[in-house]
Amino acid sequence: MNKKEMLEHFSSFEKKFTELQEDLVKLKTNLVQLVEENHQLAHENHHLRQRLDDLRSESESESEKTNGENMQAVGEGYDNLARIYEEGFHICHVYFGTPRGEKDCIFCLKFFE
Ligand SMILES: [Zn+2]
């Protein structure tokens, strides 16, 4: 290998190295976003589980008062989902459990048709 070849080799290596560094920075940014997203989802999941437990114990004490359990259970499931929707979370299979803010969601609204 002569000097010219060595220099060309070196500069192509340098270029690849720079590209790798840039990729690493992008990967790191993605990773940080994923970790943040994961944290947020875990938090939401925890909140929703608590909410479901609350609703479950509420409806358990309600259903003790009445008969016709099967029909009742369907009605309660519907009410619980409606309440979760009213509290600002998606109940549709597309975004289930994520906050929907003030906006209505067409997938969620199908549930109420
Ligand atoms: Zn939705």
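Reading the values: rules and limits
- Residues numbered from 1 in each chain as written.
- Predicted model: local features only at pLDDT ≥ 70, side-chain atom pairs only at ≥ 80, totals over all residues.
- Helix = DSSP H or I, 4+ residues; strand = E, 2+ residues; numbered from the N terminus.
- Buried ≥ 20, exposed ≤ 12 C-beta atoms within 10 Å, placed from the backbone.
- Contact = placed C-beta atoms within 7 Å.
- pLDDT = per-residue confidence, 0-100.

- The name an unreviewed UniProt entry assigns to the protein is DNA replication initiation control protein YabA, from the organism Allobacillus saliphilus.

Some remarks on the overall build of the protein
Line of reasoning, step 1. Check the secondary structure of the protein and you find three helices and zero strands.
Line of reasoning, step 2. Reading the helices (α) and strands (β) of the protein from amino to carboxyl end gives α-α-α.
Line of reasoning, step 3. Counting only residues that meet the buried cut, the protein has 3% of its 113 residues in that class.
Line of reasoning, step 4. Pairs at least 24 residues apart make up 23% of the contacts formed inside the protein by residues separated by at least 6 positions.

Observations regarding the environment of D104
Line of reasoning, step 1. Here D104 is to be found in the loop between α2 (69–86) and α3 (106–112).
Line of reasoning, step 2. Each C-alpha atom of the pair D104 and Y85 lies 9.2 Å from the other, and the pair is 19 residues apart in sequence.

A few points about the environment of D79
Line of reasoning, step 1. Structurally, the position occupied by D79 is in helix α2.
Line of reasoning, step 2. For D79, a count of 14 C-beta atoms within 10 Å gives the class partly exposed.

Describing the confidence of the model for the protein
Line of reasoning, step 1. In the predicted model, the protein carries a mean pLDDT of 84, and 89% of its residues have values of at least 70.
Line of reasoning, step 2. Within the protein, α2 has the poorest average pLDDT of any element, 75, and helix α1 (residues 3–63) the best, 88.

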